[in-house]
Amino acid sequence: MVKKILIVGGVAGGASTAARIRRLDEQAEIIMFERGPHVSFSNCSLPFHLSGIVEDSKRLILTNPTAFKTKYNIEARVQQEVVNINREVKTITVKNLLTDEQYDESYDYLVLSPGASPIVPNIEGVHAPHVFTVRNVNDIERLNQFVKNDNVKDITVVGGGFIGVEVAENLRLAGKNITLVQSNNQIMTPFDYDMAQILHKEMIDKGVQLFVNDALAKISDDSVVLNSGRQVKAQAVVLAIGVRPEISLAKDAGLEIGELGGIKVNPNYVTSDPSIYAVGDAIEVYNRLLHKQTRLALAGPAQRQARAAANHIYNIPNQNTGVIGSSSIQIFDLNCAVTGLNEKTAKDAGFNVNNVYLIAPDKVGLMPNSNPLHFKLVYEVPTGRILGAQAIGKGNADKRIDVIATLITMNGTLEDLKELELSYSPMYSTARDIVNLAALVGLNLLYGRYNQVAVSQVRELMEKNAYFVDVREKNEYENGHLKGSVNIPLSELRDRMDEIPKDVPVYVHCRSGQRSYNAVMALKNSGFNNIWNVSGSFLGICLYEYFNDIATGREKIVTEYNFK
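These numbers come from a predicted model, not from an experiment.

Asks: Would you explain the packing of aromatic side chains in this entry?
Replies: The geometry of an aromatic ring pair is captured by two quantities: the separation of the ring centres and the angle between the planes. Inspection of every chain in the model, using the stated rule, returns ten aromatic pairs. Linked through ring pairs, Phe 468, Tyr 507 and Trp 532 together constitute an aromatic cluster. The residue whose ring lies beneath Lys 201 is Tyr 546, and the NZ or CZ to ring-centre distance is 5.5 Å. Taking NZ or CZ as reference, Lys 502 lies 4.9 Å from the ring centre of Phe 528, over its face.

Okay, here's the thing in structure tokens:
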């Protein structure tokens, strides 16, 4: 019997499901319905049209109905919206948006991939013609055409997630004056607050005006007003506050909706109706680390879900291992990637965790374009199980995070990461890669070989007149140091240990943490018991403090910042 399978929505979820079904069944009748004009497009690439990185918006369109038909014998009906699911008779009602005609189409199986829609706040001016959201090719074309107007010089982007940051960056690259407004205390919340400060500095260094802990209150013709009362010039406004799953079709059909507001599915992506599947941004998925449902609007998981749903229709078993949330983004000159749980999420979920924050070269320092890579590894105490990682730098941050994502999926520990054999060439990495180094540091901490404090604790410690030893060389110290710190270079440490008190905690730092670690171990092995290494050291301190110093005008805790 020939199966008739209808798919609502294209792009990553719907189009991937259709293609997989065709590979499994040459005789199946497959029809996709897309209410927009494009059945498949690169939605993750949309912001790059604003800067001209993707010069022609037509390149964002990956394929069209004709190609689907000729290459895969899949019928794709665009500008046709599914308005109702008639479960009792297994039909859908479709509205042709060009003619307003409605008709019914029967199915054996129905796959829902409606995606998620941008959140639009209920505030004054939000529906004005110079206010935009970004979801599809038409959206980005309209925005791009509008901002090319010579009168549009100042643009406010609301929301500091992936879309908001990428839109802000690409509009800045296009020469616009950009203000980015974020209601939380940081942009890019998959990263921990300490790591996000590196991103904050990059944004303001590149000329983006960044406001955190503030939100949009009102939009007028040429400005916006924030909750704080700030008025910001804006001839265009882009809303990137977030997305909510498109569930109206499923809800009206009586399908079960999960606690988080997404369509509820089983491990094979079957809804509460055994003939209806759902994939992509509209569903709830299982977080393998938190052991509970979550929502994850990412293309990679959507494609895996699509394959699994298609397989299940044909009784091919799937192992649903859940999601961990791996993602990456370029922010101006920085490559940024993250996987698993950050420290805050892990602690909020009740995990007993510790972390490693390292700054190490992304390749051998003799090689061209060798740069510092900031790497944070989060692990469980006492098991050493790896829970998450974050990496930021000009080099290959994503490669390091992909290694950690693999280990998390395999339930790896610090011991596993320590022994992991990775490829090495001076042009690509160091003989002991930063991920291996992070495991060694983590094991030292886990087994109590030394203690550390985070860069986020330094200001409070200084306000309590804590004793800091800077083990950099004298010329480095003179170029910028913690106010009140004592300079005892590592090269002089063994001859000057008698200058260091034993009756108070001593906090040791260098530029990035390597020399200070050696100093800490030398002191511990010489009878000093209350010694702490500052994770991230002076470079990490400067990066952590900089944005808030600039934004608030508070007093610096350093004589001069030094980011070199």
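From this point, the discussion proceeds with the structure in view.
Asks: Where do I start with the nonpolar core in this structure?
Replies: A general tendency of soluble globular proteins is for nonpolar side chains to be buried together. One finds Leu 171, Leu 180, Leu 199, Met 203 and Ile 331 to be the most contacted residues of the largest nonpolar core, which totals 62 residues. The greatest single-element share of this core, amounting to eight residues, is contributed by helix α15 (residues 537–552). With residues up to four places along the chain from it excluded, the contact list for Ile 331 reads Val 165, Glu 169, Met 188, Leu 199, Glu 202, Met 203 and Cys 336.

Asks: Mind showing me how you'd approach the sheet that holds strand β17 (residues 231–233) here?
Replies: Backbone-to-backbone hydrogen bonds join strands into a sheet, with any given pair of strands oriented parallel or antiparallel. Within the open sheet, the three strands sit side by side as β15-β16-β17. Their pairing is antiparallel. Whereas interior strands pair on both sides, the edge strands pair on one side only; in this sheet they are β15 (216–219) and β17. Averaged over all pairs of adjacent strands, the angle between their axes in this sheet comes to 30°, without regard to strand direction.

Asks: When you look at the sheet that holds strand β27 (residues 386–393) in this model, what are you seeing that I'm missing?
Replies: If you trace the five strands from one edge of the open sheet to the other, you get β23-β24-β27-β26-β25, paired in antiparallel fashion. A strand with exactly one partner marks an edge of an open sheet, and here the two such strands are β23 (327–331) and β25 (353–361). The mean angle between the axes of side-by-side strands here comes to 15°, regardless of whether they run parallel or antiparallel. In this sheet, strand β26 (residues 372–380) lies alongside β25 in antiparallel orientation, the contact comprising nine bridges. Along β26, the bridge assignment pairs Ile 359 with His 374.

Asks: Honestly, the packing of helix α5 (residues 193–205) against α15 in this entry has me stumped. Any pointers?
Replies: The relative placement of two packed helices is expressed as an angle between their axes plus a distance between the axes. Interaxial distance between α5 and α15 falls to 8 Å at its minimum, and their mutual angle equals 60°. In this view, α5 runs oblique relative to α15, as classed from their interaxial angle. The hand of the α5/α15 crossing is left-handed. Listed contacts from α15 to Tyr 193, Asp 194, Gln 197, Ile 198, His 200, Lys 201, Ile 204 and Asp 205 of α5 are Leu 543, Tyr 544, Tyr 546, Phe 547 and Asn 548.

Asks: Could you clarify how one ought to interpret the pairing of β27 in this entry?
Replies: Residues in a regular strand point their side chains to alternate faces of the sheet. Within β27, eight of the eight residues are buried, which leaves it mostly tucked inside the rest of the structure. One ladder, built from six bridges, connects strand β24 (residues 334–340) with β27; its direction is antiparallel. Bridge pairing in β27 links Ala 337 to Ala 391. Here seven bridges tie β26 to β27, and the two strands are oriented antiparallel to one another. Residue pairing across strands places Leu 377 opposite Ala 389, the latter belonging to β27. Here β26 folds back onto β27, and the loop between the two strands holds five residues, one of which, Gly 384, carries a positive phi near 75°.

Asks: Sorry, what's going on with the environment of Glu 169 here?
Replies: Considering the arrangement of structural elements, one finds Glu 169 in helix α4 (residues 162–173). Overall, the relative accessible area of 2% leaves Glu 169 in the buried class. C-alpha of Glu 169 to C-alpha of Pro 47: the two residues are 122 residues apart in sequence and 8.7 Å apart in space. Not counting the four nearest positions on each side in its chain, Glu 169 is found in contact with Gln 330, Ile 331 and Phe 332.

Asks: Explain the pairing of strand β6 (residues 80–86) here, please?
Replies: With six bridges connecting them, β6 and strand β7 (residues 91–96) associate as antiparallel partners. Note that in β7 the partner of Asn 86 across the bridge is Thr 91. With antiparallel pairing between neighbouring strands as the criterion, β6 and β7 make up a hairpin whose turn holds four residues, including Lys 90 at a positive phi of roughly 55°.

Asks: Even after reading the chapter, I still don't get the packing of helix α1 (residues 11–24) against helix α7 (residues 299–313), so can you show me in this structure?
Replies: The geometry of α1 relative to α7 is characterised by a closest axis approach of 8 Å and an angle of 35° between their N-to-C directions. The handedness of the crossing between α1 and α7 comes out as right-handed. Between α1, through Ala 12, Gly 13, Ser 16, Thr 17, Arg 20, Ile 21, Arg 23 and Leu 24, and α7, the contact on the second element is made entirely by Ala 299, Ala 302, Gln 303, Ala 306, Arg 307, Ala 310, Asn 311 and Ile 313. For the contact of α1 with α7, the per-class residue count stands at eight nonpolar, five polar and three charged.

Asks: Help me understand helix α11 (residues 434–446), please; the structure alone is not making it clear to me.
Replies: Owing to its 3.6 residues per turn, the α-helix aligns residues three or four sequence positions apart on the same side. The end-to-end C-alpha distance of α11, which contains 13 residues, comes to 18 Å, matching closely the 18 Å that a straight helix rising 1.5 Å per residue would cover. Of all 13 residues making up α11, ten are buried, and the element is well covered by its neighbours. Ile 434, Val 435, Asn 436, Ala 438, Ala 439, Val 441, Gly 442, Leu 443, Asn 444 and Leu 445 are the residues of α11 that are buried. Elements in contact with the buried residues of α11: β25, β26, α9 (397–409), α10 (414–418), β28 (451–453) and α14 (514–524).

Asks: Looking at this structure, how should I read the side chain of Asp 194?
Replies: For Asp 194, the location among the structural elements is in helix α5. A relative accessible area of 15% means that Asp 194 is categorised as buried. At 3.0 Å, the side chain of Asp 194 and the side chain of Lys 376 are in polar contact. Asp 194 has contacts with Lys 376, Val 455 and Tyr 544, leaving out every residue within four places of it along the chain.

Asks: Teacher, can you tell me more about unusual backbone geometry here?
Replies: Most peptide bonds adopt trans geometry, and most residues besides glycine take a negative phi value. Along the chain, Val 381 connects to Pro 382 via a cis peptide bond; the corresponding omega equals 10°. Within the secondary structure, Pro 382 sits in the loop between β26 and β27.

Asks: Any chance you could explain the pattern of salt bridges here in plain terms?
Replies: Between side chains of opposite charge, a pair can form as their charged atoms come close. In total, this model carries 32 salt bridges according to the counting rule given. Between Glu 545 and Arg 459 there is a salt bridge whose closest N-O contact spans 2.7 Å. Remark: Arg 459 occurs in helix α12 (residues 458–463) and Glu 545 occurs in helix α15; sequence separation between them is 86 residues. Residue classification places Glu 545 among the buried positions, given a relative accessible area of 3%. With relative accessibility at 16%, the residue Arg 459 sits in the buried group. Where Asp 549 meets Arg 459, a salt bridge forms, and the shortest distance between an N and an O atom there is 3.2 Å. On the criterion of sequence distance, the pair formed by Asp 549 in helix α15 and Arg 459 in helix α12 is long-range, its members being 90 residues apart. Accessibility expressed as a relative area gives 4% for Asp 549, which makes it buried. If you follow the salt bridges from partner to partner, you end up with Asp 192, Asp 194, Glu 343, Lys 347 and Lys 376 in one network.

The rules behind these values
Residues numbered from 1 in each chain as written. Predicted model: local features only at pLDDT ≥ 70, side-chain atom pairs only at ≥ 80, totals over all residues. Heavy atoms only, no water. Phe/Tyr/Trp six-rings, centres within 6.5 Å; stacked < 30°, edge-to-face > 60°. Lys NZ or Arg CZ within 6 Å of the ring centre and 35° of its normal. Core = buried A, V, L, I, M, F, W, Y, C linked by side-chain atoms within 4.5 Å. Buried < 20%, exposed > 50% of the residue type's maximum accessible area, 1.4 Å probe, protein only. Helix = DSSP H or I, 4+ residues; strand = E, 2+ residues; numbered from the N terminus. Contact = heavy atoms within 4.5 Å. Pairing = 2+ DSSP bridges. Axes fitted to C-alpha atoms, helices over the stretch in contact; angles between N-to-C directions. Parallel < 35°, antiparallel > 145°, perpendicular 65-115°, else oblique. Left-handed = near helix turned anticlockwise from the far one by under 90°. Nonpolar A, V, L, I, M, F, W, Y, C, P; charged D, E, K, R; others polar. Expected span 1.5 Å × (residues − 1). Polar contact = N/O pair within 3.5 Å; in protein donor to acceptor, adjacent residues only side chain to side chain. Salt bridge = Lys/Arg side-chain N within 4 Å of Asp/Glu carboxyl O.

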